[in-house]
Amino acid sequence: MSKRIVLALTALLAVSACGSNGSGDSAGAAANPYKLLQPGTVRAGTLTDAPPNVFLKDGKFTGFDNDLFSAVAAKAGLKVEFVGTDFSALLSQVATHKFDVGSSSITITEARKKTVAFTNGYDFGYFGLDVPSGSAIKSFDELKGKRVVVVQGTVQDDYATQQALDPVRVPDYNGAVNQLKAGTADAWISPAEIGETSAKESGGKIALAAKRLSPAPTAFAVAQDKPELLAALNKALDEVIADGTWKKLQDQYYPGRPIPADFKPGSAGAR
């Protein structure tokens, strides 16, 4: 075989290989259009200890946020795998693709938008002020000079820092509750729904002294390089709002909680 023929065959094989790879890439994109870690399944980072929003019950991840996300994923034709983590690490884990989505009553902030993208808002929330039962503290204005505990990386942490309260930071909600029970903290700035549930389950050791409306809605977090997934989740979120699932879950997890007149979930209140 002449050298010229060998070179021609080598070039032909190279072209064929390139064509094969391109076809494979196209097939891969079609099978996994949302760039999920596992095609067809959303790996969602969440918490285990924050009822009624996100928590474990009988070995199953549940709560308002997680049940809502399961319904949203089903509308998008996707399965869900929930994995527990700490809130302080959650957004960076979404950004670096350890998780496809973060589901944990995450308040949208401009600072957080630098790390992840957010779906349209699906819930509103309140800051809670939890104190040991019998405490004289009755309002957020009485926290100067007090030992205030917050969960690291939360908007409650941001608030305490902005108010120059020099907060004690813990990695999870159980840590905050334990500080109050042990008397090593004077107050915990909590997500009010979580703080209220924690007080009810404390055996009379903790009380919810006050609450105030949080300044921004909560949303699911998605990596910034997954716009297709973000669009699919926003579309599916509107669908579970329209079919009554969102309202049903609101009534189930927050019975009697009034919805602010200016709050609209999904694309109706997109931000």
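Residues numbered from 1 in each chain as written. Predicted model: local features only at pLDDT ≥ 70, side-chain atom pairs only at ≥ 80, totals over all residues. Heavy atoms only, no water.

Some thoughts on empty space enclosed by the protein
Working step 1: Per the stated rule, a full pass over the model turns up 1 cavity of 30 Å³ or more.
Working step 2: Lining the largest cavity are 20 residues, with Ser105, Thr107, Val155, Gln156 and Pro191 sitting closest to its centre.
Working step 3: The element contributing the most residues to the lining of the largest cavity is strand E6 (residues 101-107), with 3 residues.
Working step 4: Its residues assigned to classes, the lining of the largest cavity comprises 8 nonpolar, 9 polar and 3 charged. (1 Å grid on protein atoms, 1.4 Å probe; cavity = no way out; pocket = protein on both sides within 12 Å on 5 of 7 lines; lining within 4 Å. Points joined across faces, edges and corners; volume = space filled by probe spheres on them. Helix = DSSP H or I, 4+ residues; strand = E, 2+ residues; numbered from the N terminus. Nonpolar A, V, L, I, M, F, W, Y, C, P; charged D, E, K, R; others polar.)

Overview of the confidence of the model for the protein chain
Working step 1: Per-residue pLDDT for the protein chain averages 90, and the proportion of residues at 70 or more is 89%.
Working step 2: Confidence over residues 5-24 falls short of pLDDT 50; this stretch has 2 contacts with residues more than four positions distant or in other chains. (pLDDT = per-residue confidence, 0-100. Contact = heavy atoms within 4.5 Å.)

Thoughts on the environment of Ala117
Working step 1: Residue placement: Ala117 occurs in strand E7 (residues 117-118).
Working step 2: By relative accessible area, which is 18% here, Ala117 ends up buried.
Working step 3: Along the backbone, Ala117 and Ala221 are 104 residues apart, and their C-alpha atoms lie at a distance of 5.8 Å.
Working step 4: Excluding its chain neighbours within four sequence positions, the residues that come into contact with Ala117 are Phe220, Ala221, Val222, Ala223, Gln224 and Leu230. (Buried < 20%, exposed > 50% of the residue type's maximum accessible area, 1.4 Å probe, protein only.)

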